[in-house]
Amino acid sequence: MEFTMMKNVLKKYACLLWLVAGFGLLSSQSYAQRINVTKIDTAAFPELKVELQLVGADKAVKDDFKVLDEKNPTEPISFNLAAPEKKDSAAKKKNRAILFLIDASAVMNGNPIASVKRALTNSLGVLTPDDKIQIAYFSDSDKLSYLSPDFTNNFAYFTEAIQDKIVAHQDTSSTPVSKVHASIYHALEVLDETELEGQKILMVLSAGKNKGSSFSSTECIKRANHFKIPVYSVTYQLDNKPPDDLSRISTTVEFEGIPKGERSRIVKTSSEIQRAISDFFSIREEIIENQGINVMLTFDTEAAADGNEHSFEIRYKNESKRVTYFSPLRPNTGGNFFRKYGIFIIIAAGALLGILVWFVHSRNVRRAEEERIAAEEEAEAAEQARMAAEAAQRQKQEAMIRKQQEESAKQSAATDQRLKSLEEQNIRLQEQVRAQQLNAQNHQPTPVDPKFDMKRTVISGGGGAPTLMVSAGSFSHSFSLNKPKMFIGRSEDNDITIPTQTVSGQHATITIEKGSFYLTDLGSTNGTFVNGSRVSRTILKSGDMIKLGAANLKFHI
């Protein structure tokens, strides 16, 4: 009996030991799964950002962690503990605000607009009561027309409004206007301004023929990314060339949290439009609730940035996890590269700088020399042109001088000839006067005015009867000075009339005073000259040359 009792006790202890061993094994397995590394960020290496998931934990305390780097696996290193950055998850946004934008321009007139309206009406059934929608359309401008005052889930109202209110614009021109990009740009602004919660989506149904719009597809993409609004597009193919602008907008809009999957279709029939809309909006991502908590460990490693595999150890409470990663490849890690090759880099940089300075200096010197040579050539050409002009001017002046000299010589020769004729005439007159004087000696002399005794005047003047020989152009004449005062001028009432324009109307007078002949200028325009000198009043001597304007006169007694 005692043996039986001892046997039962041993069985109980054995069961207890197996129970404890099993519990320990389960505990070790559960602890082994408590630390999960979900992400390692080496962008700021040697700083490492390690995101951990602590399964089954509801909080994290820094004292529960230790980080051991591979350089010194026994000495814990300093680290920071924080919550990971929160991400906006589209999966947790159950509500959706959807704006349907319909192209009702002239390019959609006829069957295209009818197919779009029919397909959109039939597709509203895929939406849920949590979805709020608004339907807008545009015609020949980028101004949007709305079917309801605000976003609503009254799908029955939209079913009727789509058929009644949306009509394609009538345009008979060869190039109808369709401002698709501008309408998308403005629709994104409308969606951004709405205060509805949840994911905002723009759904575009168009032919994709952007004509006359002041906006580009790139501007629409930037706007959508800025507002974080995905753009779904259904493009109705009108010809054999598939449009790609709307497809580019839909597929290029990318931001964190955007729903995945296809967001663009090119269609030809109403059924294809309906199928595309249904596919776009019937897919909803599941809401995933993580078990446990996520934390972020940030620390600096001493590992080299050599592109090789490295590791560190994370200890959480009684658990330990060895984590491996690949460091980025950076040849200048820790300054070794610069310390090794720094002097060569400095020498090479100095040489390159010297070459650059020499090249710039040489180019500047060469440019300055070219500019100097060009300036000298330009100055030389200008000097040659100036000398040639001066030579031509001198030749012209010399030709004019020669011509004037020739004309002057001709006039002088003609004057001399006329004066010679006048002298011969004067000599004949003097001979006649002497003959008359000899004849008069035998007769009683005629009483004369004592104030004007021509004989005494002639004798006091040094000779025979006084005469004035005049030559002016074709005019030539010899005048006897037989009055005490004789007027000379262009006018006919003068005693001596000289018919030339350069002689004033009354130019000068010749008077006999006390046996001498006086020449007096009467304020003439061109002046009175005797033997080349201008005079106002002077005594004449036999042989004096007088010049009145262009007229030449010679006084002779």
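Residues numbered from 1 in each chain as written. Predicted model: local features only at pLDDT ≥ 70, side-chain atom pairs only at ≥ 80, totals over all residues. Heavy atoms only, no water.

Draft legend 1. Expanded view of the environment of Lys317. Along the chain, Lys317 turns up in the loop between strand E12 (309-316) and strand E13 (319-326). Each C-alpha atom of the pair Lys317 and Val61 lies 9.9 Å from the other, and the pair is 256 residues apart in sequence. Those residues in contact with Lys317 that lie beyond four places of it in its chain are Arg34 and Asp64. (Helix = DSSP H or I, 4+ residues; strand = E, 2+ residues; numbered from the N terminus. Contact = heavy atoms within 4.5 Å.)

Draft legend 2. Here's a closer look at the pattern of salt bridges. The tally for this structure, following the rule as stated, stands at 13 salt bridges. Residue Glu369 pairs with Arg372 through a salt bridge whose shortest N-O separation is 2.3 Å. Taken together, the residues Glu369 and Arg372, both in helix H8 (residues 336-440) and 3 residues apart, mark about one turn of the helix. Asp495 is the partner of Lys483 in a salt bridge, and the nearest nitrogen-oxygen pair spans 3.2 Å. Of this pair, Lys483 sits in the loop between strand E15 (475-480) and strand E16 (485-489) while Asp495 is found in the loop between E16 and strand E17 (496-497), placing the two residues 12 residues apart along the sequence. Accessibility expressed as a relative area gives 40% for Lys483, which makes it partly exposed. On the basis of relative accessible area, Asp495 is assigned to the partly exposed category, the value being 27%. Connected through shared salt-bridge partners, Glu313, Arg315 and Arg322 make up one network. (Salt bridge = Lys/Arg side-chain N within 4 Å of Asp/Glu carboxyl O. Buried < 20%, exposed > 50% of the residue type's maximum accessible area, 1.4 Å probe, protein only.)

Draft legend 3. Looking closely at the sheet that holds strand E8 (residues 199-206). On the basis of which strands lie adjacent, the open sheet formed by 6 strands has the order E7-E6-E5-E8-E9-E10 and mixed pairing. At either end of the open sheet lies a strand with only one pairing partner, and these are strand E7 (145-146) and strand E10 (264-267). Here 7 bridges tie strand E5 (residues 96-103) to E8, and the two strands are oriented parallel to one another. Bridged to Arg96 within E8 is Gln199. Contacts from helix H4 (residues 180-193) reach E5, strand E6 (131-138), E7, E8 and strand E9 (231-236) within the one sheet, and its direction differs from that of E8 by about 160°. (Pairing = 2+ DSSP bridges. Axes fitted to C-alpha atoms, helices over the stretch in contact; angles between N-to-C directions.)

Draft legend 4. Region of interest: the sheet that holds strand E21 (residues 533-535). Taken together, 6 strands build an open sheet; the order of strands is E15-E14-E24-E23-E20-E21 and the sheet is antiparallel. The open sheet is flanked by E15 and E21, the only strands paired with a single partner. Geometrically, the sheet is characterised by an average inter-axis angle of 25° between neighbouring strands, direction not taken into account. Sheet analysis places strand E20 (residues 528-530) next to E21, joined by 3 bridges and oriented antiparallel. Looking at E21, one finds that Thr528 is bridged to Val535.

Draft legend 5. Summary view of the packing of H4 against helix H5 (residues 217-227). Two elements in contact, H4 and H5, have axes whose closest approach is 9 Å; the angle formed by their N-to-C orientations is 10°. As judged from the angle between their axes, H4 and H5 are roughly parallel. Between H4, through His181, Ile184, Tyr185, Leu188, Glu189 and Asp192, and H5, the contact on the second element is made entirely by Ser217, Glu219, Cys220, Arg223, Ala224 and Phe227. Of the residues belonging to the contact of H4 with H5, the class tally is 6 nonpolar, 2 polar and 4 charged. (Parallel < 35°, antiparallel > 145°, perpendicular 65-115°, else oblique. Nonpolar A, V, L, I, M, F, W, Y, C, P; charged D, E, K, R; others polar.)

Draft legend 6. Local environment of the confidence of the model for the chain. In the predicted model, the chain carries a mean pLDDT of 81, and 82% of its residues have values of at least 70. Below a pLDDT of 50 lies the segment residues 88-93, which in the model reaches 13 contacts outside its immediate sequence neighbourhood of four places, other chains included. Here residues 284-290 is a poorly scored stretch, pLDDT under 50, and it has 15 contacts once near neighbours within four places are set aside; other chains count. (pLDDT = per-residue confidence, 0-100.)

Draft legend 7. Spatial organisation of the packing of aromatic side chains. Tallied over the full model, the rule gives 7 aromatic pairs. Between Tyr185 and Phe215, the aromatic rings sit 4.2 Å apart at their centres with planes inclined by 25°, giving stacked as the arrangement. Placement of Tyr185 in helix H4 and of Phe215 in the loop between E8 and H5 is noted, with a sequence separation of 30 residues between them. Overall, Tyr185 belongs to the buried group, its relative accessible area being 16%. Overall, the relative accessible area of 19% leaves Phe215 in the buried class. Look at Tyr232 and Phe280: their rings are 5.2 Å apart centre to centre, the planes differ by 55°, and that puts the pair in the tilted class. With Tyr232 in strand E9 and Phe280 in helix H7 (residues 270-282), this residue pair connects regions lying 48 residues apart in the sequence. Here Tyr232 matches Phe280 in class, with each residue buried. One aromatic cluster is present, formed by Phe299, Phe312 and Tyr325 through successive ring pairs. Geometry around Phe79 places Lys62 over its ring, the cationic atom sitting 5.2 Å from the centre. (Phe/Tyr/Trp six-rings, centres within 6.5 Å; stacked < 30°, edge-to-face > 60°. Lys NZ or Arg CZ within 6 Å of the ring centre and 35° of its normal.)

Draft legend 8. Geometry of the side chain of Ser264. Tracing the backbone through its elements, the reader meets Ser264 in strand E10. Assessed through its relative accessible area of 11%, Ser264 is described here as buried. Side chain to side chain, Ser264 and Ser233 meet in a polar contact 3.2 Å long. Among the polar contacts listed, one links the side chain of Ser264 to the side chain of Ser247, at a separation of 3.0 Å. Apart from the residues within four sequence positions on either side, Ser264 is in contact with Ser233, Ser247, Ser250 and Phe280. (Polar contact = N/O pair within 3.5 Å; in protein donor to acceptor, adjacent residues only side chain to side chain.)

Draft legend 9. Quick peek at the UniProt feature "transmembrane region" (unreviewed entry) in the chain. The sites that carry the UniProt feature "transmembrane region" (unreviewed entry) are, in the present numbering, residues 341-360. Taken end to end, residues 341-360 comprises 100% helix and 0% strand; its first and last C-alpha atoms sit 28 Å apart. (UniProt positions renumbered as here; feature names shortened; annotations may be inferred.)

Draft legend 10. Geometry of the pairing of E5. For E5, a buried count of 8 out of 8 residues is recorded, marking the element as mostly surrounded by other parts of the structure. Neither face of E5 is open: one carries Arg96, Ile98, Phe100 and Ile102, the other Ala97, Leu99, Leu101 and Asp103, and all of them are buried. Taken together, the 8 bridges between E5 and E6 define a ladder with parallel strand orientation. When the bridges of E6 are listed, Arg96 appears paired with Asp131. As a crossover connection, the stretch from E5 through helix H2 (residues 111-123) into E6 is right-handed. (Right-handed = clockwise from strand over helix to strand, strands pointing away.)

Draft legend 11. Here's a closer look at the packing of H5 against helix H6 (residues 245-252). Running from N to C, H5 and H6 point in directions that differ by 25°, and their axes come no closer than 9 Å. As the angle between them shows, H5 and H6 are arranged roughly parallel. In this structure, H5 crosses over H6, and the sense of that crossing is right-handed. In this structure, H5 contributes Ser217, Thr218, Cys220, Ile221 and Asn225 to the contact, and H6 contributes Asp245, Arg248, Ile249 and Thr252. Across the contact of H5 with H6, the residue classes tally to 3 nonpolar, 4 polar and 2 charged. (Left-handed = near helix turned anticlockwise from the far one by under 90°.)

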